[in-house]
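Close look at the chain arrangement
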Amino acid sequence: MRVRVDDDKCQGHARCHALAPEVFDVDDYGHSKVRNDGLVPEGYEDRARLAIANCPEFAITEK
Ligand code: SF4
């Protein structure tokens, strides 16, 4: 599973990082940066999907 973040939509709530820090890092402004080129570590797929569902800007997509 891979995820990507649309930088134009991301507003920097860092909610994704709070829910799945293994998948999403954040910069100094709270904007999300995917770790590992978006490749979700095995066993963290549910957390990644939780982050997708909880992004208020719909900025995260599975690819
Ligand atoms: S939850 Fe969505 S809007 Fe907030 S930092 Fe993560 S990707 Fe960006």
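To start, this report covers the structure provided alongside it. (Residues numbered from 1 in each chain as written. Predicted model: local features only at pLDDT ≥ 70, side-chain atom pairs only at ≥ 80, totals over all residues.)

**Details of unusual backbone geometry**
Applicable threshold: Only runs of H or I of at least four residues qualify as helices and only runs of E of at least two qualify as strands under DSSP, and these elements are numbered from the N terminus. For every residue, the other C-beta atoms within 10 Å of its own C-beta are counted; 20 or more classify it as buried, 12 or fewer as exposed, and values in between as partly exposed. C-beta atoms are placed from the backbone.
Phi angles above zero are rare outside glycine, and Asp 37 is one such case at about 55°. Within the fold, Asp 37 resides in the loop between strand S3 (32-34) and helix H2 (45-54). A positive phi angle, close to 55°, is found at Phe 58, a residue other than glycine. Overall, Phe 58 belongs to the exposed group, with 10 C-beta atoms counted inside 10 Å.

**Quick word on the environment of Ala 18**
With respect to the helices and strands, the residue Ala 18 is situated in helix H1 (residues 15-19). Considering only alpha carbons, one finds Ala 18 and Ala 51, 33 residues apart in sequence, at a separation of 8.6 Å.

**Some points on the nonpolar core**
Quick reminder of the rule: Remark: nonpolar core denotes a set of buried Ala, Val, Leu, Ile, Met, Phe, Trp, Tyr and Cys residues whose joining runs through C-beta atoms within 7 Å. Whether two residues are in contact depends on their C-beta atoms, placed from the backbone: they are in contact if these lie within 7 Å.
Ranked by size, the top nonpolar core spans 13 residues in total, and within it Cys 16, Ala 20, Val 23, Ala 48, Ala 51 and Ile 60 carry the most contacts. At the level of secondary structure, the elements contributing two or more residues to this core comprise strand S1 (3-5) and H2. Ile 60 has contacts with Val 3, Val 5, Cys 16, Ala 51, Ile 52 and Cys 55, leaving out every residue within four places of it along the chain.

**Digging into the environment of Thr 61**
Inspection of the secondary structure puts Thr 61 in strand S4 (residues 60-62). What makes Thr 61 partly exposed here is the crowd of 14 C-beta atoms within 10 Å. When the C-alpha positions of Thr 61 and Gly 12 are compared, they lie 16 Å apart, and in sequence the two are 49 residues distant. Beyond its immediate sequence surroundings of up to four residues, Thr 61 is in contact with Val 3 and Arg 4.

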